[in-house]
Amino acid sequence: MKKIATSFFLFMFLIQLGFAQQELVHASPSQLGFDEAFINQQVDSIMQVGIDSMAFPGAQVLVAKNDTVIFHKAYGFHTYDNLQAVSLNDLYDLASVTKISGPLPALMKLVDEGKLDLDKPFSTYWEPWSKRKDKKDLTLREILAHQAGLVPYIVFLNEVVRKNGKVKRRFMHETSGRRFHGQVFDGLYINDRFERKMNRIINRSDVSDEKKYLYSGLTFLIFPSLIEQITGTDYQTYLEENFYGPIGSHTLGYLPKKKNYPNAIVPTEVDSLFRKTLVNGWVHDENASLKGGVSGNAGLFATADDLAKLMLLYQNYGKVDGKQLISAETVKEFTEVQYPENENRRGLGFDKPLLNNSELPIAEAYPSPLASPESFGHSGFTGTFVWADPVKKITYIFLSNRVYPSRDHQKLYSLGIREALQDVFYQAELK
């Protein structure tokens, strides 16, 4: 709790000093050579289909060309009762977009500084893996490209909740106190030792002998600890000092309910498994919640504006306001396809277009088939999606809560809404 408060007040201090004052420039689509009428008609139509199909109760779209926002519009409501309309400055649970917004910029900077080597065994830096025969030789490059053979996911909730749905008292208390500091939810605190238990389970998890593309978020659970270990700085403080402050992201961060933002927070799921109520302002992902809401796999919240600032940093290969926060060489390496010979489209942490994306119809493409092969981004389980195209200079942000009221809602995927919306802006740029 002390670390959280310190980090937040440090960030506010940076704002007062003027380190966090950069604001996005806005212009109409037509001012930057886009067919404005086409964009408005197409985007409104696609979003209406999404809402009518209950792909999401509401959502918003932000698109920038170069460093200028040319479109930012909100649609629908927070929930299906139509009581609170979506606002442009609403905060969203970013889910797996956290991976490229939290630990990844820190890892890039550490690679820049020679404190991490992508091709050395990860066990060089994470000592417990040096004792694991199946993990000791895995490299950070293999891990970040999802090429290491790690299991995709471990349900740590099974360690905390009994079969009858009650939580185990040795791991969870209703009040904060000695050994129970990480807040999981309103009136729920996790035992400080549980993180070590999670790490032990990850360390002992299986590794496949077959090295092929298999998405795994496991190491993102331990990256914050690794970053603290290497830098000697609290993970959240490190992100704020080195990235969020310099780019002017006022809301990008963890645990928004503890920061008294004026922004409304969009709810996610009515959780029937664990929290037994609507999740709003606390991370949706159960594994991240068991780390007190601060993790590398999920847990970040942000507005579309603040997320766009980070993606524009990447689109500009690590430069913002004349300052090089991460070297262009490192950003380019992280955003390149690593193992195309294994039919793996992934960069280092970043998602990439399908290897034959430009040849596919929009219904089969990911993302838009018009996005350049150099483009990159990530999606999130809650219905979030971000993408930057450094060749065509288009950044695309889509934020929704498709998991409301239940994660069973899959229409966002089956209707291809995010890809179709992105494609509109490529089509609308007048040649």
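The present account deals with the structure reproduced in this document. (Residues numbered from 1 in each chain as written. Predicted model: local features only at pLDDT ≥ 70, side-chain atom pairs only at ≥ 80, totals over all residues. Heavy atoms only, no water.)

Quick look at helix H13 (residues 417-428)
Consideration 1: Taking 1.5 Å of rise per residue, the twelve residues of H13 would be expected to cover 16 Å, and the 17 Å separating its terminal C-alpha atoms lies within 8% of that figure.
Consideration 2: The buried fraction of H13 is high, at ten of twelve residues.
Consideration 3: Those residues of H13 lying buried are Ile 417, Arg 418, Glu 419, Leu 421, Gln 422, Asp 423, Val 424, Phe 425, Tyr 426 and Ala 428. (Helix = DSSP H or I, 4+ residues; strand = E, 2+ residues; numbered from the N terminus. Expected span 1.5 Å × (residues − 1). Buried < 20%, exposed > 50% of the residue type's maximum accessible area, 1.4 Å probe, protein only.)

Regarding helix H6 (residues 194-204)
Consideration 1: Where H6 is concerned, the buried positions are Phe 194, Met 198, Asn 199, Ile 202 and Asn 203.
Consideration 2: Buried-residue contacts for H6 involve strand E7 (188-191) and helix H9 (286-289). (Contact = heavy atoms within 4.5 Å.)

Overview of the pattern of salt bridges
Side chains that differ in sign of charge can pair as their charged atoms come close.
Consideration 1: All chains considered together, the criterion is met by 19 salt bridges.
Consideration 2: The salt bridge partner of Lys 65 is Glu 429, with a shortest N-O separation of 2.8 Å. Remark: Glu 429 occurs in the segment after H13 and Lys 65 occurs in strand E2 (residues 58-65); sequence separation between them is 364 residues.
Consideration 3: On the basis of relative accessibility, which here comes to 11%, the residue Lys 65 falls in the buried class.
Consideration 4: One salt bridge connects Lys 136 with Asp 137, and the closest N-O pair in it is separated by 3.5 Å.
Consideration 5: Taking relative accessible area as the criterion, Asp 137 reaches 52% and is therefore assigned exposed.
Consideration 6: Overlapping salt bridges, with partners in common, bring together Glu 23, Asp 306 and Lys 309 in one network. (Salt bridge = Lys/Arg side-chain N within 4 Å of Asp/Glu carboxyl O.)

Brief notes about the sheet that holds strand E12 (residues 376-380)
Consideration 1: Pairing is mixed in the open sheet, where six strands are placed in the order E1-E3-E2-E14-E13-E12. With one partner strand each, in any of the chains shown, strand E1 (25-26) and E12 form the two edges of the open sheet.
Consideration 2: As judged from the five bridges shared by strand E13 (residues 384-389) and strand E14 (residues 394-400), these two strands associate in the antiparallel manner. Across the sheet, the residue bridging to Trp 387 is Tyr 396, located in E14.
Consideration 3: Along the sheet, helix H2 (residues 36-52) contacts E2, strand E3 (68-76) and E14; its crossing angle with E3, the most-contacted strand, is approximately 35°.
Consideration 4: Along the sheet, H13 contacts E2, E3, E12, E13 and E14; its crossing angle with E14, the most-contacted strand, is approximately 150°. (Pairing = 2+ DSSP bridges. Axes fitted to C-alpha atoms, helices over the stretch in contact; angles between N-to-C directions.)

Section: the packing of aromatic side chains
Consideration 1: Taken as a whole and assessed by the stated rule, the structure comprises 16 aromatic pairs.
Consideration 2: Ring geometry for Tyr 238 against Phe 243: centres 6.4 Å apart, planes inclined by 70°, an arrangement best described as edge-to-face. With respect to burial, Tyr 238 and Phe 243 carry one shared label: buried.
Consideration 3: Three or more aromatic residues joined by ring pairs form one cluster here, namely Phe 122, Trp 129, Phe 220 and Phe 223. (Phe/Tyr/Trp six-rings, centres within 6.5 Å; stacked < 30°, edge-to-face > 60°.)

Quick notes on the pairing of E13
Consideration 1: The buried count for E13 comes to six of six residues, which makes it a mostly enclosed element.
Consideration 2: Residues Thr 384, Val 386 and Ala 388 point to one face of E13 and Phe 385, Trp 387 and Asp 389 to the other, with burial holding for every one of them.
Consideration 3: Across five bridges, E12 lies against E13 in antiparallel orientation. Residue pairing across strands places Gly 377 opposite Trp 387, the latter belonging to E13.
Consideration 4: The hairpin formed by E12 and E13 contains three residues between the paired strands, and Gly 383 there has a positive phi angle of roughly 110°.

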